[in-house]
Structure formats: C-alpha cells, structure tokens
Amino acid sequence: PTSPDPGRLLPAMAEAKMLTIEDIIFGAKERKSLDKDSKQKDELVISCLRSLAMDAVQQANSGHPGTPMAMAPVAYALWARILNYDPDSPQWMNRDRFVLSMGHASMLLYGLLHVAGVKEMTQEGHSTEKMAVSLDDIRNFRQFGSRCPGHPEFGETGGVEMTTGPLGQGVATSVGMAMASKWFASNFNKPDFPLFGFDVFALAGDGCLQEGVSAEAASLAGHLKLNNLCWIWDNNQITIEGNTAWAISEDIPTRFIAYGWNVLRVGDANDVEALTRAFLAFRREQERPTLIVVDSHIAWGAPTKQDSFHAHGTPLGEKEVAATKHIYNWPNEKFLVPNEVKEHLRQQMAHRGGRNCQQWEKMLEEYKTQYPEEGKLLQNLLDGRLPDNWDRFFESFPADPKGLATRQSSSACLNYVSKGMPWLLGGSADLANSCLTTLKDAEDFLPPASRWGHYRGRNLHFGIREHAMGSVMNGLALCKLRPFGSTFLVFSDYMRPPIRMAAIMEVPSIFIFTHDSIGVGEDGPTHQPVEQLCSLRCIPGLSVFRPADANECLEMWKHIVPLQDEPVAVVLSRQALPTLDRQKFSSASGLHRGGYILHDSSSSCPDVILMSSGSEVHLMLEAHEVLSQQGVNVRSVSMPCLELFKMQPQDYIDEVLPKQCRARVSIEAGRHHSWGSLIGIDGEHVGMISFGASGPSKRVQEEYGFTKQAVVNAANRVMSGRPQEMSTRALGLLSWKKRRLSK
C-alpha cells in the first residue's frame, strides 16, 4: 500500500473546512496578512518576468518575447502557489517537475529561475551559493557561452529539467517523468513513508500539440491514467506564419477527452486566482492526466504587437518595449529586478517546497533505518551507483557453428542485467515478441485498475508509438531510471528526434533495434534497413553497437550498463549467427575498445585488412580463410562500435590498423559512409548501393554481393592498387533504378 501525496489532500481539506485558496496556500493563521498589498506584489512579480523577457530579447536582438509576456501569470501561479520545489535544492528527488515544452519561450524559464533564486548544483549534486541564473546571465541571453542559451539546455543551466526546443518533445518527455514518479512510489513508498509522488507540469504551445509526438504521448498517458501529469496549453491561436486557423481546425480539448484526459479551461491567462483553482482541481484528479486550456494573448500589453505573429520570434523594438512597460506600470529601466519581487516569490516557495524538502530528507534517513535493504537500493539509484555484483548473473556462451541471432543472445543478456539492476525497465513499440526485449521475471507497467499490471512493473507497453517511446525513455532517464526501448532498425527513423535529444542531453537511454539488414529477407525493402546505420552513427555522442555473436553481445551489455551520460543504439540481427570459438579467435572482450583484431594470418604487417561489424563478420572470416590459402597475409578486424574505436589512443588504432597497410576492405550490409575514415581512399567497401528486395534471406544477400568471393575480389583489387571507383557505385544505383522503371 502507498500513502497519497499530502499535496493532494489539500483540496479535500479546503472543502471540509470551507477554507479559501489563500488559506490552503499560506495557512489559516497567516490569512489576515494577505491583503491588497500582497496581490500588488503578485502583479509586480508578473510584470518583472514580462519585462525581463522583453529586455533580454531586445538586447540580444533575437528571441521570442511574446509567449513569456502572455504566460508570466501562469508561471507565477504555478511556481508561487503550487509547485513542490525547493530553489535551494533544485535536484531534490521528489520535487515537482516543470518542463517548458515550448522552448522558444526560454526567457520565461530563465526569469523564473533568477527571481526564485534557484541555486547552482555541483556535479556531485550538492547545492552551492551561486545562482543558477544571474542577472548578468540574462543580460547575455543567446550569446555564445551564455548560461541562458536560445532554448533551455539540460546540464548547461541549473534548474532546467530537460532540453527543449523541438516542439512536442517536452510534453512527450514529461510522460516519462510522470511514469517514473508512479514507479518510484509503487516500488519504494511504505506506510508512513510517502517518499515519492511528484507531479509533472509541462507548458505547451499550439505547435507542441500539433506535432504528432504529442498525440502519441497524450494517448499513452491517458491509457496509463497518469493523474500526476498536467499539461498547460497556451491557447493564443498564433504560430510563426500567422493565425492557427490557417492550418488547424480540430477540437483539441475534445480530442484530449477522447484520450481519457481531464480537460479544464481558464478563459483569461491573467486571472491568477482562476489559474490557481485549475491547478488545485488537477491535484484533486485521481484517475486522469489533466490538460488546462489557457486562453491567452501573445505579447499581452504590447500596444501594436499583441495578438500578432510578429511577436513570435522577433524583438518588439525599443519604443514598443517602453510603451508596454508603461502599460504594466513598470519603470522603463532595463533588467530591473527589485528586491521585493525576489522576496515575495522566494518566501512562498520556501514556505512550501523548502519545508517539504527538509522533511523529505529527514524521512529518507528514517526510511533507510527501518528498511535497510530498500534504503540501500534507493540510495544507490539516487547516487548513480550500480548494485554490488550487478553482473553476477552473466554467463558466457559456448562456441556453436549454428549459433543464435544476436537479438536472442542480447535478450538473454538483458535479462541477466535485469536481475542485477532492479531499475532497468523498458519495452517495445508492439514488437516485444520479435525484438525479444521482455523482462521475464518482471511485471507489466500498467494502471492497477486495469488488472493487467501495476505501476511497479518494469515491462512497458508503448504501443505502435515509436516517436513517443523514445521521448518517454528520455523522461525516465532524466529521473535516474535506466530505460530501454525496441523496434526494428528501419523504424528508427520514426524516433530519430528523441535519439538526438538523448545525445544532446547526455542521458543513458538504450535504443534497441533488431532486424538490422537485408537479412530480413522476405519482408522486402520497406523493412530492410540500408541507410539507418550510417544515419545513427552521424549523431554526435551516440554509440552504435552491432555485435557479431553472442559473446560480443555479452561484452556489449557489460560495457553499456555502467554508462551514465551516454545513450547507445544496439543493432541486432534477425538471423542466427555462429558463436565464435574464442580459442581460435580473439576474446570478445576486445569489444570494450570498439574494434579489435579478431584473426591474424601472422604477426607481421598485413597485406590486406578486412574489417566488419555484426552479421558480416562471419562473411569476412570466410573470405579470410580463402585469402590465407592463397598465401595472403590477411588481418580481420571486428568493429562492433566504430565510435568507441575512434576514441581509443592513436597507438592502439595504429596497432589494429597500421598506417603502412593501405589495402583495406570494409564489409557491412549498409551504406559505405561510416567506413571512409577507416579504409581511406585506397580502400573499398562491400555494402549496399541501393535498397533491397523481397526474397529468402540467403538469396537476397547473394544477389546484393554479400558472398565470400565478392570480398576476396575486393581484397585483390585494393592489394593491386585498383579499388572500385566512385563512378562504379553510381552505375550500380543507376542500374537498380532502371531495373525498377523497366518493370
């Protein structure tokens, strides 16, 4: 059993005792001190936030002033009256999360962080006396090296919960955060110890709700009954091009009702009391996520720019800024933040979030005393430490000429990890039975009312929502859990934005992709990935692993699990691959260096170097034997992770690929672009030129040149100094196109 979040009891208390909103927020004893002066201070904070946004955008001559001006009252009502957040401890684990999904309105967030006095944190998670966002930082808005970049960036600015900017990513990722809250509460809360139950708020614009990923994520959130999730929609009916009526006419609130959401409406974004009531109504909701529709005016108060798309992405102009400040009754002074403004917001947040954080820290220590096993597990999780002997369940695979598909061996390893790392969780986009990513001894993550599972479950069912799956994974990772998600490699295209976001934020999401080549066979070119490997390898900070056999899978998982700030893509085969005899070939532990010498004809400098990844490693070894029998001194290199290999010391790279051997051949069932820096201008790539075709796997591979003879021929060409020319590859593509047209 879990105890409810005390914050959710407040509305019930109000109804029972007929308390006012002010009584709820500040306590009945302090009610008398709340008078007209206090409400005037509310207006001062709001005007300050609006003016800071105008000033910063104007000084940078770049940015978006309109939405911060419209949404300042919304942000104030949430932060001052609702948000369970301690500015002195902004990484407190049970804090409410605030996600600015419409990242172009970043000055709203930077203004809040400054006025609220949010502190900077050390890498070890300790609070400092330094402000996360100083006034000088705001003056340098959008400048190179500024702590206030154009869009909020996680890890660059204290208090920023995630990187936002690509519309829709914020709201979609917030679903993962809300799921994490449910998971933590279900796994760690005890009677009298309601450690977890944080809420997640995401501020979204029209663009966020038009992006398809938000529809996927909203559908999933409604299905999971995430009543701790609140999206706030800035309904200003303006986008960059103009009025939203030019592009959309659907009834968005009704759509969300169909998703299973609670939908509320505030007709005036300036009505702080109505906004507060809406947020408290969200807190009362027990079964549904909440969408609060807030009708607003972009650039509110600007004499000539209000309700104009011109306020969306350009400065207002000095005269317009001065005139708007006059309407706000605010001095025409740049970057003005009076002390009473800071004190008013900080006092309210300290009264609620600061006190709650201190009580939580005390509760955590008592929890660890009463529940030492769970307490140790939780502390490891919070500190980013792996459990002791987490890899004790791993078992190496015996040599087997028939072998296993790497999706099978990876599945076994995933379950080894699951036993030793209780906060590993994940699933697939409706392909668990094909990707083999089900955790065998774990429950399903589903609402208890469904009777199909529980929020403590670790098997997630994303449905056919690849884009949302990636975003949700990032939300889980931002809350210190270790998520994985799987689909076919060809469908990685559907989720590229969150993969890129994971790399930018440096969160350790694990993207698992199976059915990795034309070896898929009969499903044909729509399901046969060709360009995806190269595409994924182009993402900075993403390591792409493509293991060649079961023991490389084992070493891959040993390498992946300890990573804390690096996402990975795991690329696996559908077809069985031999498990190599490591008495004959080098140890699979070479994977930890990205690439290693798998087989050498002699210890001297080779005549030719063959290199490959994944399923084509076995084709490489077949060609190796033919060349060796011809008297060629050949070296075969397994390259399970090109990115990791390129990060090794140059001495090691030169040891594996000696510079004096320029006759090199790469073999991979994908495009050649990843291999150019390794094979050089004198090398050659045996790979895909066009899309694939439907047919039995072996026949398709033969037709597209994946034979040992093709590799041998390429080796002979590079050894003779006559590698295949670029024009030959172009002719191959033209031939394929003509064949298609002739049908």
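For the structure itself, look to the data block above.
Residues numbered from 1 in each chain as written. Predicted model: local features only at pLDDT ≥ 70, side-chain atom pairs only at ≥ 80, totals over all residues. Heavy atoms only, no water.

**Q** When you look at the environment of Pro-65 in this model, what are you seeing that I'm missing?
**A** Tracing the backbone shows Pro-65 in the loop between helix H3 (36-60) and helix H4 (66-81). Each C-alpha atom of the pair Pro-65 and Phe-198 lies 30 Å from the other, and the pair is 133 residues apart in sequence. With residues up to four places along the chain from it excluded, the contact list for Pro-65 reads Val-57, Ala-311, Thr-314 and Leu-316. (Helix = DSSP H or I, 4+ residues; strand = E, 2+ residues; numbered from the N terminus. Contact = heavy atoms within 4.5 Å.)

**Q** Looking at this structure, how should I read the packing of helix H9 (residues 212-224) against helix H10 (residues 252-259)?
**A** Two numbers describe a pair of packed helices, the interaxial angle and the distance between the axes. Look at H9 against H10: their axes get within 8 Å of each other, and the N-to-C directions meet at 45°. As judged from the angle between their axes, H9 and H10 are oblique. When H9 is examined against H10, the residues Ala-215, Ala-218, Ser-219, Gly-222 and His-223 are found in contact with a partner set consisting of Arg-255, Phe-256 and Tyr-259. (Axes fitted to C-alpha atoms, helices over the stretch in contact; angles between N-to-C directions. Parallel < 35°, antiparallel > 145°, perpendicular 65-115°, else oblique.)

**Q** Got a minute to help me understand the packing of aromatic side chains in this structure?
**A** What the rule picks out here adds up to 25 aromatic pairs. With centroids separated by 6.2 Å and ring planes inclined at 70°, the aromatic side chains of Tyr-110 and Phe-141 adopt a geometry described as edge-to-face. Residue Tyr-110 is found in helix H5 (residues 106-116), and its partner Phe-141 is found in the loop between helix H6 (135-139) and helix H7 (169-188); the two are separated by 31 residues along the sequence. With respect to class, Tyr-110 is no different from Phe-141; both count as buried. Arranged with centres 5.8 Å apart and planes meeting at 70°, the rings of Trp-231 and Phe-256 form a pair that is edge-to-face. Here Phe-256 lies in helix H10 and Trp-231 lies in strand E5 (residues 229-235), a separation of 25 residues in the sequence. The residues Trp-231 and Phe-256 share a single accessibility class, namely buried. An aromatic cluster is built from Trp-183, Phe-184, Phe-188, Phe-196 and Trp-360, whose rings are joined through pairwise contacts. (Phe/Tyr/Trp six-rings, centres within 6.5 Å; stacked < 30°, edge-to-face > 60°. Buried < 20%, exposed > 50% of the residue type's maximum accessible area, 1.4 Å probe, protein only.)

**Q** Would you mind going over the pairing of strand E7 (residues 290-295) with me for this structure?
**A** For a regular strand, side-chain orientation follows a simple rule: the groups alternate between the two sheet faces. Most of E7 is tucked away, with five of its six residues classed as buried. Inspection of the sheet shows E5 paired to E7 by six bridges, in the parallel sense. Its bridge partner being in E7, Trp-231 is matched across the sheet by Leu-291. As paired elements, strand E6 (residues 262-266) and E7 share five bridges and run parallel to each other. In the strand pairing of E7, Val-266 is matched with Val-294. What joins E6 to E7 is helix H11 (residues 272-284), and the crossover it makes is right-handed. (Pairing = 2+ DSSP bridges. Right-handed = clockwise from strand over helix to strand, strands pointing away.)

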